[in-house]
Amino acid sequence: MEDGTGLDRLRESQPHDPTGRQRRDTLQVPYSTSHRSTVDDDGISAVSRFSADSSQYDYRSTIPDFNPNFNLDTQYHGNDIGDQGIPLMDMNVDGAGLRKSSYASNSFASTRMEAYSDISKQDLIPHTRSEQICGWLPKALRWPFMMFLFLLTLGLGALVLGLTLLSERENGIGADQGTSIFLFGWRFTPTLIAVIYTLLVMAMVNDIKRTEVFARLSKPESASAASTIFYKPRMFWFDTYDSLKKRRNNGHRNWALFWASLINFFGLLIISPFSAALLSPQQVFVARDATFSKLNPYLSAPLNLTTDDSIFFRTISSVLENTTTSAWLSNEYAVLPFWPSDSDIPLGAVLSDRKGQWTADTTVYQAALNCQVMELKGFSNFSYNETHHFTNKTTWSVTNMTTFVIGSDDGCSLGFATYVATYASGTIWASGGGWWSGAPNYSYPLLWSPGNGTYQGMNSSNPLMLNATKECGDRSMFFFTTPYKYNQTFQAQGHICETNYYQANVPVTMDNGASSSSFDFDKDLYVRTRTAVDTKKWDVSSFETAFLSQNWSSKFQPPDTSSNPALPVRPQIGGPLILVGAQNDFDLIAMINNPNLGAQAQQVKQRFLGEAMQSIFENTGQAQSSIVKGRSAVSERRIVVSLVIGTLLSVMFFWSALMIAMVAWYTRLRSRPLNLARNPTSASAVASMVASEPSTRALFEGLDRSSEEAMLRALDGYHFSLRGGILYAHDFRSMEQKPGYEANTQVSSGDWRPKVLQVGFLLGLVSLLFALLIAMAVLFAKYKYRGIYQNFLVSSVDIKLDNTSLEALAPYSIIPTLLAVGIKLWWSTIDQTFRRLQPYISLARDQKQEPGLSKLSYISSPLGWAALKASKHRHWLLAFIAGCAVLSEIFTVGMSALWDRNPGSRSHLQALTRSMELRTVPSFFSVLPPPGHGYEQSTDTQNAKGTLSNVFGNLLTGWMYSSIIEGTYNSTPSPWTNDDWAFVPLDLSKVPNVAADLSSSVNSTAVGAANNITVNTPAIRGRLECKPMDMSNTSAWLTTLDFTNKTAWNDPNIPADLKKGYELKLGLSWNQSLPDNKYQKWKYWSDSTPYFSFFSEMDRLICCANDTGTLADPGEASIGFWSPPGDSEHGGIVVKWLTGHPYRVQFNDSTDSSHRQSTGTGYLSHYHWVWKDIPKVTALNCTPIFETSTASVTLDLSTSIVQNHTILTPPTPDPAAWAYNFVSLNVSRGVPYSTSMYSGSGYQITPGTYVHNISVSYGYLFHDALLGAANSGMTGSNAMQIDQAENLDDRTFNFRLPGLNVDFPSYTALNLVNGDKSFRHVFKHFVHGEVKGNNGLFINGTWGLQPLHAAIPDDLGPTMVYNPQTTNASYLQNSFNISTTSPETTAIVTTRIEQLDLSPVAVILCLCILALLILTAVVIFASLRIGGGLNVLPRDVETLGSVIGFVYASERLLALSSDKAALPKGGSGELAKMGWFESGGRRRWGVEIVDETQLQGGRSGSSLGSLLKGRGYTQVQSEDTLR
């Protein structure tokens, strides 16, 4: 079965029933004729003409068994339909062949038509009848509506396509204003438009479906009753199938319905639900045209890439710490900066605090290093014999040499020869090493200076000889060798490298984030367009010289640890190869086996180039810039059109527009005639179709209260057609159905009510609505403030095209809309059913009649108008149902906006493992013993300096570099640090990726971490409590020099007009005794032993003047070094800052050399660094304080970078910071230890070499490392040697620039405003500073952290005392308390998500509508069950045949419907009622005009009564009279 209805079963399975075979009005056609009758020019078949013509005559006199006497039979003969009190007509045929009924015959003119063999060829109907003009079309199929719908569909398609393209181009169609009105605008509007559009489409489709029966009747050939007057269209999802199935369309395909059903399908199931997901708020980049300023460093002069300390420092820190000092630099490229013209030039690591993008054409530079490996070709020892000729004799000498040769495949070879490796204490063979240098001789004199290339040129000062082949050309080379060890394989390797400098002008996009900035561009385009740099604009040779200079050694200078055999010996590496070696931990074997060594060398050179250019950029500034056009993209939350959904909807609209044109074509009357003169939906309109055709009416005799199944049986074998607005019947029964054929037309009783109004369906609807209401209420109560975040609801389906991810099909908006569409369609079916039934129910039940009900119809009324119309006629139930139908459309809009997609977060508990804790175990160092003078002060100093030798030699103290980079260049913060605090880390590796379960936002445009974790953990910080020092007594720290005394000052560098100058003393020398708490005595702070020194050590300052000034008028210079105060050498800090105008050369006094106090370069020397005026000095005497607390820390789960923190407990001083102050002790028990200072104290590790152990707490270690770093190269020197100047060759942890001479903390303080912030900043990096143990260092963890539950080793020896009589030795481990911190803790993992927030307005709206729908459904159910409901009707009125059965015998209604001139003028219309009435001497049941005389007390003067009487109709008596 196709539609599953009983009608279909009857239509397809039952034989032709000869109902009406014995009727007097039976129509016949010859059996030899075809079903396709001949049709005249006017479209009416000959049979129809004959039957119509015959209706003009009275055939009753020719019928022998006609009974003219009216026999009132009030007893109804029939069966009950479904226990509803609706009887079935008894349609059984008696033995005489007459159909038995409650009456014997009818009052209509019955005819017996004999068969005419040529009846189809005769024009039997005279052309005297006034034909009606049958040009009626439903409004939804007329040209204005169809044109409007076509243009609307086309416009909507163009609009959606335009918005989609605009959104793709502009990254959205507008910013999310966040207001309620704006939310309504973008959230509700698409669905509202889609709902209105689908209503218009449904109106078109409904008009096609409701006129389909008339289109079938109007076809040239007639069709069966089942496929015409009893045709019932199925649900919309069958329309497409039914329209193409010829068997359901009388052998045709219904193209009008086909195209319309597709449009309807697209509208209901695609356009309406998907429009809800068309727009959504997203965090996107919005690009707009912008004006940028771009540096033009060539504007005034060629680019001179000079270098200074800052360039070396930035290069070293960038490579070692994997950070960047400028966002314009990377390991592969350097970009010429550009920036918004309305802002200052940004050159740091973070260019903007606002997330966004800049795009413009700019120049990109690259240093491409092309290196070839040089393998070891030979290694050997040989002797060089040399003859020496003297005056009276000749001698011979033999020099033993060791040589090796390395060579590349292109013929470049380097020969290296030096003194024999077995005596290698001063050569490369001892430690191994190498360097990176340039042609032609590839030497590096700072390590080992070669001779003149001959054996004769070699000596102790020039211990090696180098020779290179001509194939090496002018390329640079780096090489390295392993130390020479007896019976071990010697290894060496080199790389010969050529550097090409490229530039290209390409579009560059700078991506600015909250904590970093980075650039990107098309690398392929760059390679295609790059050109060699213009040597006229670049001084390439000076850059190569700077890169290969020996300054690398001074910026990467380790302490001298050669005298301590416990410490590892680092290879002697020179030039930029130092940085390559540092990346490989100075492991020469690892470097030889490293396949990426060339790439690391490329990185070093590119970084150095970038940093050199960065200095040029800083010096150039905005003055030398040009204007360029570009695009600026800012991250903002915007309303974005989904590309997939926008494309889908555009295609649907354009396709629908085309199909609407097809529908318009196929629904024109010339293609699809309807033969209707007016709207056929009312009972009066239906009556007009049969009013002038008694033969058709005669077929319905006795079927007025029959079921549709019974009527279909009765009319089986008859075909129908519609011509000129008149319904004609044709007898197509087969011969075997002629006399003698009997069939049972009794149909089993059943419930005729439409399924949507039956108990099961109504209960199902109420249950669905109630369940949805409860679900929405529960969701609203539960997620009102939290939102829903399940990934399958929130996330969208990603469609990937050419590696481009397209987000589409978000279930959160589509699923509720589809659900609402389903409810809307369900309710629409109820609404349409009641619209169809209501006029007839009103006619049947209302005791007080209302004029015009016979013409009343709600079928074609729009939604809102139907409700108003029903209210006007007091059809309150229909009014509520129609009103709820309107609300169901609003419900669809509300459901589409039920969820708002907003950024949010979700949290869950997570167990974490703690493996670290704050350090309480001291660090243990092996150091050389103090000198033999026996002073305790020198012992402390030597222990400290021996300790620092290991600290500064440990990967060059990376925590210092990272602190400067972050504090000065605003690089990415270090993990587990924030503000002043460092936090104890926890193991986050086992935290699951919750983004897989939650709708984590991975949009790169979102600000903040995608996954955060919050945990309570110990925290530590260092800070300074400072007091300003009185520096008003300049004589305490400044010496005044009288340059008018030419006897004392005759240096030609002294300006002639200089009368008086000033020289800094070593420091603040009060020249008075002050109490010294440590030694419990008074101490005298003199010029040679000041209270504090201006330099970090007691060395004389000699740098750095400002080169911008002249000799006579020096520029301003600044000096800043931190040093310990004299009364707290390991526990206090004096922060100093000097500003003045020093001369750039030292002045030499005229003191005779024999009277000079010192031959050194220190305070007592005859060199003087003079200041033109008294410098300004600020000095703070500070006490370091290290505090611990407990903090709640929130980190980015992926990077461990702290987002924020809260200190939970008041900070308290940490006693572990100062627990062990360089305590001397033995390594293990039982090891022989010597206490003889003069023979060597400590334990002997090699013959004659003694070391002893030192334990030191992190507070002392940090203090001494911070203050001693500026002079780290001299860390291991004699503690008592004080008469010297600062070591200008040591620039590892200080900056010596023109006009600036500072240590690292002072350099950081320049950016952080004050010294306390600098101290705090550096200390947090020290806490997390990685450290590797060695033979001279025992430590686990970091400098400030230790493994959980760490303890002092049990085998640690006792403390060493110099005076056993007063001090007892002790074991540190005996008094050490191990922590009891739990290894387990609980954290809160918070994930940034895109969550669904319930819209309160939409929820409340939908809940109210659901409640009204439920209430109305309950009322419907109650009215059907309690109030009698539809029992007043014997059958449905869904088909044309069913309605005809109610009007075929309604004399007054037929007369009125066929004569428009007789209709009342200006009145309210006729009065009609549905029920029993008398017509043609028979008792009928149907719709009839109420007799006016009954309403007027028997008066017969009304025009309507006269009209009816004049036409021979009798008045209808009341039911009481009839009874």
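The model shown is predicted, which means the values in this text are computed figures rather than measured ones. (Residues numbered from 1 in each chain as written. Predicted model: local features only at pLDDT ≥ 70, side-chain atom pairs only at ≥ 80, totals over all residues. Heavy atoms only, no water.)

**Considering the overall build of the protein**
The helix and strand tally for the protein stands at 35 helices and 51 strands. Across the 1523 residues in the protein, those meeting the buried criterion constitute 56%. Long-range pairs, those at least 24 residues apart, make up 78% of the contacts in the protein between residues at least 6 apart in sequence. Accessible surface computed for the protein: about 63400 Å², of which carbon and sulfur atoms make up 54%. (Helix = DSSP H or I, 4+ residues; strand = E, 2+ residues; numbered from the N terminus. Buried < 20%, exposed > 50% of the residue type's maximum accessible area, 1.4 Å probe, protein only. Contact = heavy atoms within 4.5 Å. Areas by Shrake-Rupley, 256 points an atom, 1.4 Å probe, with all protein chains shown as cover.)

**Observations concerning helix 22 (residues 811–845)**
Taking 1.5 Å of rise per residue, 35 residues should cover 51 Å, and helix 22 covers 48 Å from first to last C-alpha, within 8% of that figure. At leucine 837, helix 22 shows its largest kink, close to 40°, and the proline proline 839 lies no more than four residues downstream. Most of helix 22 is tucked away: 28 of the 35 residues are buried. (Expected span 1.5 Å × (residues − 1). Bend = angle between axes of the 7 residues up to and from the residue.)

**Quick look at the sheet that holds strand 28 (residues 1060–1064)**
Overall, antiparallel pairing links the 3 strands, which are arranged 27-28-38 in an open sheet. Either end of the sheet is taken by a strand with one partner, and the two such strands are strand 27 (1038–1042) and strand 38 (1170–1171). Strand direction decides the pairing type here: strand 28 and strand 38, joined by 2 bridges, are antiparallel. Considered in strand 38, the bridge of tyrosine 1062 is made with tryptophan 1171. (Pairing = 2+ DSSP bridges.)

**Points about the packing of helix 17 (residues 683–690) against helix 31 (residues 1440–1447)**
The geometry of helix 17 relative to helix 31 is characterised by a closest axis approach of 9 Å and an angle of 85° between their N-to-C directions. One element, helix 17, and the other, helix 31, form an angle in the roughly perpendicular class. From helix 17, Ala683, Val686, Ala687, Met689 and Val690 reach across to helix 31, where they touch Leu1440, Val1443, Ile1444 and Val1447. A per-class count over the contact of helix 17 with helix 31 returns 9 nonpolar, no polar and no charged. (Axes fitted to C-alpha atoms, helices over the stretch in contact; angles between N-to-C directions. Parallel < 35°, antiparallel > 145°, perpendicular 65-115°, else oblique. Nonpolar A, V, L, I, M, F, W, Y, C, P; charged D, E, K, R; others polar.)

**So, the state of the cysteines**
In this structure the tally under the stated criterion is 4 disulfides. One disulfide bridge connects cysteine 371 with cysteine 497, the sulfur atoms lying 2.0 Å from each other. Looking along the S-S bond of the cysteine 371-cysteine 497 disulfide, the torsion reads about 110°, which is the right-handed sense. In this pair, cysteine 371 sits in strand 6 (residues 356–389) while cysteine 497 sits in strand 12 (residues 492–512), placing the two residues 126 residues apart along the sequence. Two residues, cysteine 1103 and cysteine 1104, share a disulfide whose sulfurs are 1.5 Å apart. Judged by the sign of its S-S torsion, about 80°, the bond between cysteine 1103 and cysteine 1104 is right-handed. Residue classification places cysteine 1103 among the buried residues on the basis of a relative accessible area of 12%. Counting its disulfide-bonded cysteines in sequence order, the protein shows a connectivity of 1-4, 2-3, 5-8, 6-7. (Disulfide = S-S within 2.5 Å.)

**Description of the packing of aromatic side chains**
Under the definition given, this model contains 69 aromatic pairs. Taking the centre distance of 6.4 Å and the plane angle of 50° together, the rings of phenylalanine 292 and tryptophan 358 count as tilted. With a gap of 66 residues between them, phenylalanine 292 in strand 3 (residues 279–295) and tryptophan 358 in strand 6 connect regions that are remote in the sequence. Exposure class is identical for phenylalanine 292 and tryptophan 358. Each is buried. Chaining the aromatic ring pairs together yields one cluster made of Trp959, Phe1186, Trp1218, Phe1222, Tyr1258, Tyr1260, Phe1262, Phe1319, Phe1323, Phe1326 and Trp1343. The ring of tyrosine 231 carries arginine 216 above its face, with NZ or CZ at 3.9 Å from the centroid. A cation sits over an aromatic face here: arginine 234 above phenylalanine 238, 4.0 Å from the ring centre. (Phe/Tyr/Trp six-rings, centres within 6.5 Å; stacked < 30°, edge-to-face > 60°. Lys NZ or Arg CZ within 6 Å of the ring centre and 35° of its normal.)

**Some details on the side chain of serine 656**
Positionally, serine 656 belongs in helix 16 (residues 643–666). In this structure serine 656 comes out as buried when scored by relative accessible area, which is 0%. Within the structure, the side chain of serine 656 is placed 2.6 Å from the backbone oxygen of methionine 652, a separation counted as a polar contact. (Polar contact = N/O pair within 3.5 Å; in protein donor to acceptor, adjacent residues only side chain to side chain.)

**Looking at empty space enclosed by the protein**
Think of a ball as big as a water molecule: rolled over the atoms, this probe shows where empty space is left. Throughout the structure, instances matching the rule amount to 5 cavities of 30 Å³ or more. Its volume calculated, the second largest cavity comes out at about 70 Å³. Broken down by class, the residue content of the lining of the second largest cavity amounts to 3 nonpolar, 1 polar and 7 charged. (1 Å grid on protein atoms, 1.4 Å probe; cavity = no way out; pocket = protein on both sides within 12 Å on 5 of 7 lines; lining within 4 Å. Points joined across faces, edges and corners; volume = space filled by probe spheres on them.)

**Side note on the pattern of salt bridges**
The full count for this structure, using the stated rule, is 29 salt bridges. Residue aspartate 520 pairs with lysine 523 through a salt bridge whose shortest N-O separation is 2.9 Å. Aspartate 520 gets classed as partly exposed once you look at its relative accessible area, which sits at 46%. Of the charged contacts, one joins glutamate 1488 and arginine 1452 as a salt bridge, the two residues approaching to 3.9 Å between their closest N and O atoms. Placement of the pair is glutamate 1488 in strand 51 (residues 1482–1489) and arginine 1452 in helix 32 (residues 1451–1458), with a sequence separation of 36 residues. Here glutamate 1488 and arginine 1452 have matching classes, each one buried. Put simply, Arg1021, Arg1023, Glu1025 and Glu1187 are held in one network by salt bridges that share partners. (Salt bridge = Lys/Arg side-chain N within 4 Å of Asp/Glu carboxyl O.)

**Let's talk about the confidence of the model for the protein**
Confidence along the protein averages 77 in pLDDT terms, with 76% of residues attaining 70 or more. Below pLDDT 50 for its whole length, residues 1497–1523 participates in 46 contacts with residues either more than four positions away or in separate chains. (pLDDT = per-residue confidence, 0-100.)

**Notes on the nonpolar core**
Grouped together as the largest cluster of nonpolar side chains are 138 residues, with contacts concentrated most on Met204, Ile229, Phe720, Trp827 and Ile830. The element that contributes the greatest number of residues to this core is helix 22, accounting for 12 residues. Apart from residues no more than four positions distant in its own chain, isoleucine 830 is found in contact with Val756, Leu757, Leu762, Leu765, Ile881 and Ile1420. Listed in part, the 122 residues of the second largest apolar core include Ile311, Trp538, Phe543 and Trp552. (Core = buried A, V, L, I, M, F, W, Y, C linked by side-chain atoms within 4.5 Å.)

**Topic: the environment of glutamate 1063**
In this structure, glutamate 1063 sits in strand 28. Discounting residues that sit within four places of it in the chain, glutamate 1063 has contacts with Trp1037, Leu1038, Thr1039, Leu1041, Arg1100, Tyr1167, His1168 and Trp1169.

**A look at the side chain of arginine 1320**
Within the secondary structure layout, arginine 1320 lies in helix 29 (residues 1315–1327). Judged by relative accessible area, which is 14%, arginine 1320 ranks as buried. Look past the residues within four positions of arginine 1320 in its chain and what remains in contact with it is Asp980, Arg1021, Gly1022 and Arg1023.

**Brief notes about unusual backbone geometry**
Going from alanine 439 to proline 440, the amide bond is cis rather than trans, its omega being 10°. Checked against the element boundaries, proline 440 lands in the loop between strand 9 (433–437) and strand 10 (464–468). The linkage connecting cysteine 1103 with the following residue, cysteine 1104, adopts the cis geometry, with an omega of 10°. Locating cysteine 1104 in the fold gives a position in the loop between strand 32 (1092–1093) and strand 33 (1117–1120). A positive phi angle, near 60°, is found at tryptophan 976, a position not held by glycine. Along the chain, tryptophan 976 falls in the loop between helix 26 (958–969) and strand 24 (977–978). Positive phi values are uncommon outside glycine, yet phenylalanine 1222 reaches one of about 50°. Tracing the sequence through the fold places phenylalanine 1222 in the loop between strand 41 (1212–1213) and strand 42 (1223–1225). The exposure class assigned to phenylalanine 1222 is buried, which follows from its relative accessible area of 4%.

**Focus on helix 32**
Most of helix 32 is tucked away, with 7 of its 8 residues classed as buried. Along helix 32, the residues that are buried comprise Glu1451, Arg1452, Leu1453, Leu1454, Ala1455, Leu1456 and Ser1457.

**Quick notes on a nonpolar patch on the surface**
On the surface, a nonpolar cluster with roughly 320 Å² of combined accessible area is contributed by Leu154, Leu161, Leu165 and Phe654. Here the nonpolar patch takes 3 residues from helix 3 (residues 143–170), the largest share from any one element. Among the structural elements, phenylalanine 654 can be located in helix 16. (Patch = residues over 30% accessible without salt bridge, like charges linked within 9 Å, V, L, I, M, F, W, Y side chains within 5 Å.)

**A closer look at the pairing of strand 11 (residues 476–481)**
Across the 6 residues that make up strand 11, a large majority, 6, are buried. Bridge count between strand 9 and strand 11: 5 bridges; the pairing is antiparallel. Looking at strand 11, one finds that glycine 434 is bridged to phenylalanine 480.

**Structural notes on the environment of valine 335**
In this structure, valine 335 sits in strand 4 (residues 334–335). Using a relative accessible area of 1% as the deciding quantity, one classes valine 335 as buried. Each C-alpha atom of the pair valine 335 and valine 508 lies 8.4 Å from the other, and the pair is 173 residues apart in sequence. Apart from the residues lying within four places of it in its own chain, the contact partners of valine 335 are Trp328, Thr362, Thr363, Val364, Val508, Phe519 and Phe617.

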